[in-house]
Amino acid sequence: MCRAVVTLFCMGALGACSSRDAEVVEVPVDMSPGAPIEDQGDWVPEPLAACKLRPEASTTAACGSLESFDLSGCDVESLRGLTAGGPFNMRYYGQNVATDDQDQFFGVNSFTPSPNRDEHPLYWRTTRTNRTGKVFIDVEVGCSARGADQVTGCYVSCSLGEPAQQYTFEGERIRWLSGDQESSGGLRLVGEGGLQSGRGVDVFVAKGHAYVVSIDDYFMGPGGLHVYDLQDRKAPRLVKFIQFPEESYWNGVWAKDDALYVASADRGVLVFDITQPADPRFLRDLSGGSRSNVHTLFVDGSRLYAMAVGPAGEVHAYDVNNAREPVLLGRYLDPSIGTEPGSYPHDATTLNSTLFISHWRAGLVIVDMSDPASPKRLGAYKYPRASSHTSRVAYFHNNRIAFEAGEDWGAHLRVLNLNDPANPTLIGEYRLPGWASIHNLELKGNRLYIAHYQHGVRVLDVSIPKSPRELAYFNTWRATDPLRGTSSWDGAIGIRVPGDGYVYTVDSVRGLLILPEL
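Participant: Sorry if this is basic, but what is going on with the side chain of Ser292 here?
Facilitator: Here Ser292 is to be found in the loop between β20 (281–285) and β21 (293–300). Not counting residues up to four positions away in its chain, the partners in contact with Ser292 are Ser264, Ala265, Asp266, Arg267, Gly268, Ser287, Ala308, Gly310 and Pro311.

Participant: Help me understand the pattern of salt bridges in this model?
Facilitator: Opposite charge on two side chains permits them to pair, given that their charged atoms come into close proximity. All told, the structure shown has 37 salt bridges when counted by the stated rule. Ionic pairing is found between Asp42 and Arg414, a salt bridge with its closest N-O pair at 3.1 Å. Of this pair, Asp42 sits in the loop between β2 (22–29) and β3 (52–53) while Arg414 sits in strand β31 (residues 413–417); the two residues are 372 residues apart in sequence, bridging distant segments of the chain. Using a relative accessible area of 0% as the deciding quantity, one classes Arg414 as buried.

Participant: Got a minute to help me understand the nonpolar core in this structure?
Facilitator: Nonpolar side chains tend toward joint burial in soluble globular proteins. One finds Trp250, Leu260, Tyr261, Val269, Leu304, Leu355 and Leu512 to be the most contacted residues of the largest nonpolar core, which totals 60 residues. In this structure, Leu177, Leu432, Ala436 and Val462 belong to the second largest nonpolar core, which totals 23 residues.

Participant: Could you clarify how one ought to interpret the environment of Leu471 in this entry?
Facilitator: Structurally, Leu471 is set in strand β36 (residues 469–474). Taking relative accessible area as the criterion, Leu471 reaches 26% and is therefore assigned partly exposed. Between the C-alpha atoms of Leu471 and Leu518, which are 47 residues apart in sequence, the distance is 9.0 Å. Each residue touching Leu471, except ones within four places of it in the same chain, is listed here: Gly185, Arg447, Val459, Leu460 and Asp461.

Participant: When you look at the sheet that holds strand β37 (residues 492–496) in this model, what are you seeing that I'm missing?
Facilitator: Two orientations exist for strands paired in a sheet by backbone hydrogen bonds: parallel and antiparallel. Ordered by their spatial adjacency, four strands build an open sheet running β12-β39-β38-β37, and the pairing between neighbours is antiparallel. Single-partner strands in this sheet number two, and they are β12 (191–193) and β37. Pairs of neighbouring strands in the sheet enclose a mean axial angle of 25°, with direction left out of account. By the bridge criterion, four bridges tie β37 to strand β38 (residues 502–507) in an arrangement that is antiparallel. Bridging across to β38, Ala492 finds its partner in Asp507.

Participant: Hey, could you run me through unusual backbone geometry in this one?
Facilitator: Put simply, Gly310 and Pro311 share a cis peptide bond, and its omega is 5°. With respect to the helices and strands, Pro311 occurs in the loop between β22 (303–310) and β23 (314–319). With phi around 55°, Lys207 is a residue other than glycine that occupies positive phi space. Looking at the secondary structure, you find Lys207 in the loop between β13 (199–206) and β14 (209–215). A relative accessible area of 37% means that Lys207 is categorised as partly exposed. The backbone of His397 shows a phi angle near 50°, a positive value even though the residue is not glycine. You can see His397 is positioned in the loop between β29 (388–396) and β30 (399–406).

Reading the values: the criteria
- Residues numbered from 1 in each chain as written.
- Predicted model: local features only at pLDDT ≥ 70, side-chain atom pairs only at ≥ 80, totals over all residues.
- Heavy atoms only, no water.
- Helix = DSSP H or I, 4+ residues; strand = E, 2+ residues; numbered from the N terminus.
- Contact = heavy atoms within 4.5 Å.
- Salt bridge = Lys/Arg side-chain N within 4 Å of Asp/Glu carboxyl O.
- Buried < 20%, exposed > 50% of the residue type's maximum accessible area, 1.4 Å probe, protein only.
- Core = buried A, V, L, I, M, F, W, Y, C linked by side-chain atoms within 4.5 Å.
- Pairing = 2+ DSSP bridges.
- Axes fitted to C-alpha atoms, helices over the stretch in contact; angles between N-to-C directions.

See the structure below:
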């Protein structure tokens, strides 16, 4: 049990105080890891709206027509209070008729009034043709609204007059949280550098330069590698942009010594020579001559870890003592691959020789990598409908603590006690409204920096890990920015805190943003 010293000053009217000007009080602070709490998951598998498609036997109405929906449980009039325009982050949950699976997916929508508002305030019907020439009629119909910013409804996709997919949906208008300004707690904008092409996703800082990678985007163009000179952090200067023909999905970046590593969806790990940091020179890829989809990577000491989501869903470990010539040491294939739908290694971090893999539906997987040629699975933390996406792990008061985040509707920060890796427990949480997800984390001492998509950068005091406390935020998302509303995964996405006094974050649209370290 630790004790915090609190000084209480007498502020009452003259004569109301005792003879002492101040009193020192020792307040106990509970530094224990905390009792386990129940994990409810991020979302509940149940319909999101009171509407539904009428059974075929009960109606002669054409699939997707307004009459084909049962809206008896809806508050249709409330939809008239929904402000037109957007964008809205959308969640769809329901049945894929072809597979008979209950699933969900995400989208973004800018609602516009129905052509015939007297018939129904929110009813849209579009026709599309897939690659095989099959024609689909997609229909969305509103069910209810709460104020101007929340909406529910039903979606159906019809083919040859039959429903191929039917979902309920909910949508939230993308906006700053109530009471938010651009920033708080001193987390102000220092400098900003725009993107040349692609949707920004990740950043690494080395040798006085920031290396930002982007992925291909229909609206923003093909991705690549941006190099910024940081001599003046108030005005980072783009000095180099690298693209490879027919290879434009570069999702992660890291540097060690004179080498820069880029995660490529086509050729695994790309190795660049940054002896001249402003002018990276491509050396080789680590694909072994076959297609390899590496989604994320990182370096810990002399080890490079690459999360190869395809073709096999493995983690690759390399020796990088000679940074420009990585040598494969071993591979780890989790047993959940092939048995747990949606399991794949998305990201990872280490503490000593232990690897913590964010393995999506399989949760946070814990692996002993002391011998990378023979990895040993120690345990996992799997929660309901897991989407384990990123984590950071450290010791606090002699307890091994993980900060874990998913990437899903309702996804939030979990605080885990990993003292017994075979039986991890949830001991704390930090939640913001669930329509904007977390993407990346950085832990520096007692400060946890979160890239929280449309909720911006959030900084937490985690000195008492089970009780994270928000210290500051910076809203990177602005409705006035071009190309907002083209993706649900929009806003603050990549973040690094290299210890030079600054926080480097990537906004998917704005590019590199530099903030002060707290």
